[in-house]
Each structure stands twice: as structure tokens, then as C-alpha cells.
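Each chain, written out:
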Amino acid sequence: MLMPSKTKYRKQQKGHFSGVATAGVFVEFGEYGMQALERGWITSQQIEACRVTINRFFARKGKVWIRIFPDKPVTKKPAETRMGKGKGAPTGWVAVIRPGRVLFEVGGISREEAQKSLRLAAAKLPIRTRFVERVERVS
């Protein structure tokens, strides 16, 4: 599972979801990518499930880039616990996703194979995504 090796604080507040992605909105490394259309949290388990799905479809060809990292701890209080007594213990890690963010990139394969593999991976995610291609940008 993906998780930070070390953090300054064990627990974080929930934060806010407003706005759109400003970084990571273009396909930079591969030829094709999967772009988020909604906002939400993606857990490290969901990222790993997508990675496994894409790699299994490729069967030792092509390359995958994971463009998101789960660096936000999520806490949960135990079941059947009364209110109060502080914040719960950390249970997992999530990546905060805003619309426009490129989640995964693939390269070294045909367009049809890339579309199929990313569609299979998108089924593992709780948000809507779309298939995007690399465009040459003028700096």
C-alpha cells in the first residue's frame, strides 16, 4: 500500500473539497491518461487495485505512472463507542482529488489497449473519470 514514510502529525482535519485541480492536469509522462471529473477521496487500497488491474491487462508491456499519492490520514473511532473522548485512531490514507487531476498515465501501448485498461481501472474508483491523450503544450 502507498503511504508516507513519515509525517509531521499523526492526524489531520478533513479539509475542504472546493475548487478544481491546478497541478497535475496534463498528461506529462505517458501518452494516455485517466482524468478525474469529480471530487473525492481515493484510498491507498483503491489506487493499488487500479495499479494491479492495469498491469495485469498489459501483460509485461507498456508502462504505468501513478500521478496521485495518499498523504492524508483518515481516522475512525471504534464501533459502539460513545461520543467524545477525542478523535479516533488513524485507519488509512487517502489522496484528495479535485476535478481535472490526472490520476494514472500509461505509455508504450496502442490507444485501444490504453482505453481498455484505464476503463477497467476506472471501475475500481468511487469517482467518474475520462480518457485523455497527451497534447503538445507551448511554454
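Residues numbered from 1 in each chain as written. Predicted model: local features only at pLDDT ≥ 70, side-chain atom pairs only at ≥ 80, totals over all residues. Heavy atoms only, no water.

### Side note on the pattern of salt bridges
Across all of its chains, the model carries five salt bridges by this definition. Between R128 and E38 there is a salt bridge, with the nearest N and O atoms lying 2.9 Å from each other. Placement of R128 in the loop between helix 2 (111-122) and strand 7 (129-133) and of E38 in the loop between strand 1 (32-36) and strand 2 (40-43) is noted, with a sequence separation of 90 residues between them. Under the relative-accessibility criterion, E38 is labelled partly exposed at 28%. Where E133 meets R111, a salt bridge forms, and the shortest distance between an N and an O atom there is 2.6 Å. Residue E133 is found in strand 7, and its partner R111 is found in helix 2; the two are separated by 22 residues along the sequence. The exposure class of E133 is partly exposed, given its relative accessible area of 38%. (Salt bridge = Lys/Arg side-chain N within 4 Å of Asp/Glu carboxyl O. Helix = DSSP H or I, 4+ residues; strand = E, 2+ residues; numbered from the N terminus. Buried < 20%, exposed > 50% of the residue type's maximum accessible area, 1.4 Å probe, protein only.)

### Description of the sheet that holds strand 7
Spatially, 3-6-1-7 is the arrangement adopted by the four strands of the open sheet, whose pairing is antiparallel. Sheet topology places strand 3 (63-66) and strand 7 at the edges, where each strand pairs with a single neighbour. Averaged over all pairs of adjacent strands, the angle between their axes in this sheet comes to 20°, without regard to strand direction. Across five bridges, the pairing between strand 1 and strand 7 is antiparallel. Bridge pairing in strand 7 links Y32 to E133. (Pairing = 2+ DSSP bridges. Axes fitted to C-alpha atoms, helices over the stretch in contact; angles between N-to-C directions.)

### A word on the side chain of S117
Within the fold, S117 resides in helix 2. With residues near it in sequence (within four places) discarded, S117 still touches I54, F57 and F58. (Contact = heavy atoms within 4.5 Å.)

### With respect to the pairing of strand 2
A regular strand places its side chains so that they alternate between the two faces of the sheet. Covered by surrounding structure in strand 2 are G40 and I42 only, the residues W41 and T43 on the alternate face being uncovered. Relative to strand 5 (residues 89-97), strand 2 is paired through four bridges, and the arrangement is antiparallel. The partner of T43 across the bridge, within strand 5, is V94.

### Description of the sheet that holds strand 4 (residues 72-76)
With antiparallel pairing, the three strands of this open sheet are ordered in space as 2-5-4. Pairing within the sheet leaves two strands with one partner each, and these edge strands are strand 2 and strand 4. Neighbour-to-neighbour, the strand axes of the sheet open up by a mean angle of 50°, direction not taken into account. Note that strand 4 and strand 5 share five bridges and pair antiparallel. Opposite K72, over in strand 5, you have V94 as the bridge partner.

### Considerations on the environment of F58
Within the secondary structure, F58 sits in helix 1 (residues 44-58). C-alpha of F58 to C-alpha of G30: the two residues are 28 residues apart in sequence and 14 Å apart in space. If sequence neighbours within four positions are ignored, F58 has contacts with K63, V64, V106, I109 and S117.

### A short note on unusual backbone geometry
The backbone phi angle of A59 is positive, close to 50°, even though this residue is not glycine. A positive phi angle, near 65°, is found at R60, a position not held by glycine. Along the polypeptide, R60 turns up in the loop between helix 1 and strand 3.

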